[in-house]
Amino acid sequence: MRVEIHGHRGARGLWPENTLPGMSRTMELGVHALEFDVALTADRRLVLTHDLTVSAVTSADTRPLRSGDPLYPYVGKPINALTLAQLRMLDVGVRWPRHLDDPFALTQAAFPETRMPTLGAVLGLVNAYDAEDVRLHVELKSDPTRPELTPDPEMFTELVVDELDRHGRLGNVAILSFDWRIIRHAATIAPGTRRFALIELDTLHWHEGGLGDDVPAAARAAGATTLSPEHVMVDEALMAQAAAAGLDVAVWTVNETALAARMLDLGVSGVVTDYPDRMRQLWRERGLELPEPVGPLKPVSVA
């Protein structure tokens, strides 16, 4: 039986999220899929970040790009108001501030002076690892209720698909979003990709006209190939509806093995986790297929 382990934001519980060091170590640990978030900058560059504004938890200002930059400090500013060069001034390798009640600050190794990567840099890293068996799960951050922070969904989707295609990754990728306008457009321009319709209780109101009593059927109609709900939504009824709609269910974000075991018993096809190391132990106990660790990096030839 194949049930997948999906590393959330790389592996947020172990290493800084949405960073090159985090992605490399997650691949070396071993996951079926590497999940990360993408947003669009003021100069139309695709960068890895979970938030539509620069987070004070995952990012810290170091210095302005240039003296007197009116947008400095950058923390708290919209991602789409800053250029890639400005965002590269941030340190994204440490959780700030390191509160004792932050579970990730207690378990996450710090990598000071880490910079926010582009989507192209991550794709280059994955290719350097020759990680053909690791599926990339690219979540496009888009909020239809905050249009001032959100790019046009069709243009955004096209930019991401073009970049994936340029790096030869369209054959082993999934496009994810809570904004199902992106799922619909991806189904049109990249029908061979997997498409994960993300859903949670807090964003049900995003869907014009509502989703009715059958969320999986609505996701299928929007072009999804997989339903990816918050774990609190997953029960036998939802699983039965997903099966009727022909959709797999990948549940997020599951960090405790007892909860993961319940999700496995319900029949999910994938578990999104901040702690893939914990899930690997559960997979061993259950006799499930484990993803192979990836590495080392391919040697680089020098002319």
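Residues numbered from 1 in each chain as written. Predicted model: local features only at pLDDT ≥ 70, side-chain atom pairs only at ≥ 80, totals over all residues. Heavy atoms only, no water.

Participant: What's the story with the overall build of the protein chain in this structure? I'm lost.
Facilitator: If you tally the helices and strands in the protein chain, you get ten helices and nine strands. Taking 303 residues into account, the globule formula puts the C-alpha radius of gyration at 19 Å, and the protein chain, at 19 Å, falls close to it. The principal-axis extent of the C-alpha atoms belonging to the protein chain is close to 60 × 50 × 45 Å. Buried positions account for 54% of the 303 residues belonging to the protein chain. Contacts in the protein chain between residues at least 24 apart in sequence constitute 66% of all its contacts with a sequence separation of at least 6. Carbon and sulfur atoms form 52% of the exposed surface of the protein chain, whose accessible area is close to 13100 Å². A distance of 5 Å separates the average location of the 29 positive side-chain charges in the protein chain from that of its 42 negative side-chain charges. (Helix = DSSP H or I, 4+ residues; strand = E, 2+ residues; numbered from the N terminus. Rg over C-alpha atoms; globule rule 2.2 N^0.38 Å. Buried < 20%, exposed > 50% of the residue type's maximum accessible area, 1.4 Å probe, protein only. Contact = heavy atoms within 4.5 Å. Areas by Shrake-Rupley, 256 points an atom, 1.4 Å probe, with all protein chains shown as cover. Lys, Arg positive; Asp, Glu negative; His and termini not counted. Charge placed at Lys NZ, Arg CZ, Asp CG, Glu CD.)

Participant: I would appreciate a short explanation of the pairing of strand 2 (residues 33-40) in the present structure.
Facilitator: Look at any regular strand and the pattern is simple: side chains alternate between the two faces of the sheet. Of all eight residues in strand 2, eight are buried; the element is thus mostly enclosed. Where burial is concerned, the two faces of strand 2 agree: the one with Ala-33, Glu-35, Asp-37 and Ala-39 and the one with Leu-34, Phe-36, Val-38 and Leu-40 are both buried. With two bridges joining them, strand 1 (residues 4-7) and strand 2 adopt parallel strand pairing. From the neighbouring strand, Gly-7 faces strand 2, where its bridge partner is Leu-34. Across three bridges, the pairing between strand 2 and strand 3 (residues 46-48) is antiparallel. Paired with Leu-40 across the strands is Leu-46, a residue of strand 3. The hairpin turn running from strand 2 into strand 3, its antiparallel successor, is five residues long, and Arg-44 in that turn takes a positive phi close to 60°. (Pairing = 2+ DSSP bridges.)

Participant: Would you explain the packing of helix 1 (residues 20-29) against helix 4 (residues 119-128) in this entry?
Facilitator: The relative placement of two packed helices is expressed as an angle between their axes plus a distance between the axes. Look at helix 1 against helix 4: their axes get within 10 Å of each other, and the N-to-C directions meet at 30°. Judged by the inter-axis angle, helix 1 sits roughly parallel to helix 4. Of the two elements, helix 1 crosses helix 4, and the hand of that crossing is right-handed. Of the residues in helix 4, those in contact with Leu-20, Met-23, Ser-24 and Met-27 of helix 1 are Ala-121, Val-122, Leu-125 and Val-126. When grouped by side-chain class, the residues that make up the contact of helix 1 with helix 4 number seven nonpolar, one polar and no charged. (Axes fitted to C-alpha atoms, helices over the stretch in contact; angles between N-to-C directions. Parallel < 35°, antiparallel > 145°, perpendicular 65-115°, else oblique. Left-handed = near helix turned anticlockwise from the far one by under 90°. Nonpolar A, V, L, I, M, F, W, Y, C, P; charged D, E, K, R; others polar.)

Participant: Mind showing me how you'd approach helix 10 (residues 276-286) here?
Facilitator: Within an α-helix, residues lying three or four positions from one another point in the same direction, as the helix has 3.6 residues per turn. When helix 10 is considered as a whole, its buried residues turn out to be Pro-276, Met-279, Arg-280, Leu-282 and Trp-283. The buried side chains of helix 10 occupy one side of the element, clustering within an arc of 165° when seen end-on. On its buried face, helix 10 is in contact with strand 1, helix 1, helix 9 (257-266) and strand 9 (270-273). Note on helix 10: the residue one or two positions beyond its end, Gly-287, has a positive phi of about 70°. (Arc of directions from axis to C-beta.)

Participant: For this particular structure, what's the right way to read the packing of helix 4 against helix 5 (residues 153-166)?
Facilitator: Closest axis-to-axis distance for the helix 4/helix 5 pair is 10 Å, and the angle between their directions is 30°. The orientation of helix 4 with respect to helix 5, classified from their angle, is roughly parallel. Helix 4 and helix 5 meet at a crossing whose hand is right-handed. On helix 5, the residues that touch Leu-119, Gly-120 and Leu-123 of helix 4 are Val-160, Glu-163 and Leu-164. In terms of residue class, the contact of helix 4 with helix 5 is built from four nonpolar, one polar and one charged.

Participant: Just to check I follow, could you spell out empty space enclosed by the protein for this structure?
Facilitator: Empty space among the atoms becomes apparent when a probe as large as a water molecule is rolled across them. Counted under the stated rule, the structure contains three cavities of 30 Å³ or more. When its volume is computed, the largest cavity comes out at roughly 80 Å³. Along the walls of the largest cavity sit Glu-17, Asn-18, Thr-19, Leu-48, Thr-49, His-50, Asp-51, Thr-58, Ser-59, Val-92 and Met-116, which together make up its complete lining. Here the lining of the largest cavity is composed, by residue class, of three nonpolar, six polar and two charged. (1 Å grid on protein atoms, 1.4 Å probe; cavity = no way out; pocket = protein on both sides within 12 Å on 5 of 7 lines; lining within 4 Å. Points joined across faces, edges and corners; volume = space filled by probe spheres on them.)

Participant: Would you mind showing me how to read the layout of surface pockets here?
Facilitator: Approximately 520 Å³ is the volume found for the largest pocket. Surrounding the largest pocket, 29 residues form its lining, His-50, Glu-139, Lys-141, Phe-178 and Glu-200 being those nearest its centre. Broken down by element, the lining of the largest pocket gets its largest block of residues, three residues, from strand 4 (residues 135-140).

Keep in mind these values describe shape, not function.
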